[in-house]
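Coordinate analysis (summary)
The primary structure of each chain is shown beneath.
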Amino acid sequence: MESRQYVDFGVADLIYYGFRSNLSSGKKCEVEFLAPSYRSLLQIRHNIESGIAINEAIRRATLSSENDFTRRLIGWWTAKQRGATPLIQDFFVSPLQCYLVETLQRGLDGEPILSRLGELEDEMRLTMHDTIERHLQRLPIVLLLPLTSLVFPSFMLLILGPILSELLRSLH
């Protein structure tokens, strides 16, 4: 139980505080292992906490990385700036991504969103932990295939090789 608590605490802190400390120090932070929507959320939240307007926070988050989520966010944001009322479900598939964009839309409409972004950040972090946990639970089963198909036969050859060699010598 101790190691699990340490892993959960360590991953959350490394992702969250490591990313935030690099943002606040002005260093360019490449955190590619983060989900793109979570990464954008952290950047937008940090920018809003720093006193930057939400339009500029979204713009900075979309400029910092190029992936499917930011392309969809740019498409939605561009349509919104042109005066259209884009349906969020047409741009985003994941419920957490839809909720993030709905929250950003409320912020663009003038509502305070910082507390909502914090709640969403916690939810995304828990979702990432659950996903990592599921992958770690499957890992022993997935690794069993190469073990049984590659390693086990080679050990059998090492064990049975000398025995078969002696048997063949005795038959001749």
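Residues numbered from 1 in each chain as written. Predicted model: local features only at pLDDT ≥ 70, side-chain atom pairs only at ≥ 80, totals over all residues. Heavy atoms only, no water.

**Re the overall build of the chain**
Scanning the chain for helices and strands turns up seven helices and zero strands. For the chain, the α and β elements follow one another from N to C terminus as α-α-α-α-α-α-α. In the chain, which comprises 172 residues, the proportion classed as buried is 31%. Considering only intrachain contacts with a sequence separation of at least 6, the fraction spanning at least 24 residues in the chain is 50%. Summing over all exposed atoms, the chain offers an accessible surface of approximately 11400 Å²; the carbon and sulfur share of this is 62%. (Helix = DSSP H or I, 4+ residues; strand = E, 2+ residues; numbered from the N terminus. Buried < 20%, exposed > 50% of the residue type's maximum accessible area, 1.4 Å probe, protein only. Contact = heavy atoms within 4.5 Å. Areas by Shrake-Rupley, 256 points an atom, 1.4 Å probe, with all protein chains shown as cover.)

**Looking at the side chain of Asn67**
When you line up the elements, Asn67 lands in the loop between helix 3 (54-64) and helix 4 (68-81). Assessed through its relative accessible area of 15%, Asn67 is described here as buried. Only 3.1 Å separates the side chain of Asn67 from the backbone nitrogen of Phe69, close enough to count as a polar contact. (Polar contact = N/O pair within 3.5 Å; in protein donor to acceptor, adjacent residues only side chain to side chain.)

**Examining the pattern of salt bridges**
One pass over the structure, following the stated rule, counts 10 salt bridges. In this structure, the salt-bridge partner of Arg125 is Glu121, at a minimum N-O distance of 3.2 Å. Placement of the pair is Arg125 and Glu121 together in helix 7 (residues 114-171), with a separation of four residues, close to one helical turn. We note that Arg125, like Glu121, is buried. Judged by its relative accessible area of 18%, Arg125 falls in the buried class. One connected set of salt bridges, linked through shared partners, spans Arg45, Glu49, Glu121, Asp122 and Arg125. (Salt bridge = Lys/Arg side-chain N within 4 Å of Asp/Glu carboxyl O.)

**Concerning the confidence of the model for the chain**
Averaged over every residue, the pLDDT of the chain is 79; the share at 70 or more is 80%. Confidence drops under a pLDDT of 50 for residues 1-33, and excluding neighbours within four residues, the segment shows 35 contacts in the predicted structure. (pLDDT = per-residue confidence, 0-100.)

**Points about the nonpolar core**
Counting 24 residues, the largest nonpolar core has Ile44, Leu73, Trp76, Phe92, Leu100 and Leu104 as the members making the most contacts within it. Of all the secondary structure elements, the ones that give two or more residues to this core are helix 2 (36-49), helix 3, helix 4, helix 6 (95-108) and helix 7. In terms of residue count, helix 2 provides more of this core than any other element does, five residues in total. When residues no more than four places from it in sequence are discounted, the contact partners of Trp76 are Pro86, Ile88, Phe91, Phe92, Val101, Leu104, Gln105 and Leu108. (Core = buried A, V, L, I, M, F, W, Y, C linked by side-chain atoms within 4.5 Å.)

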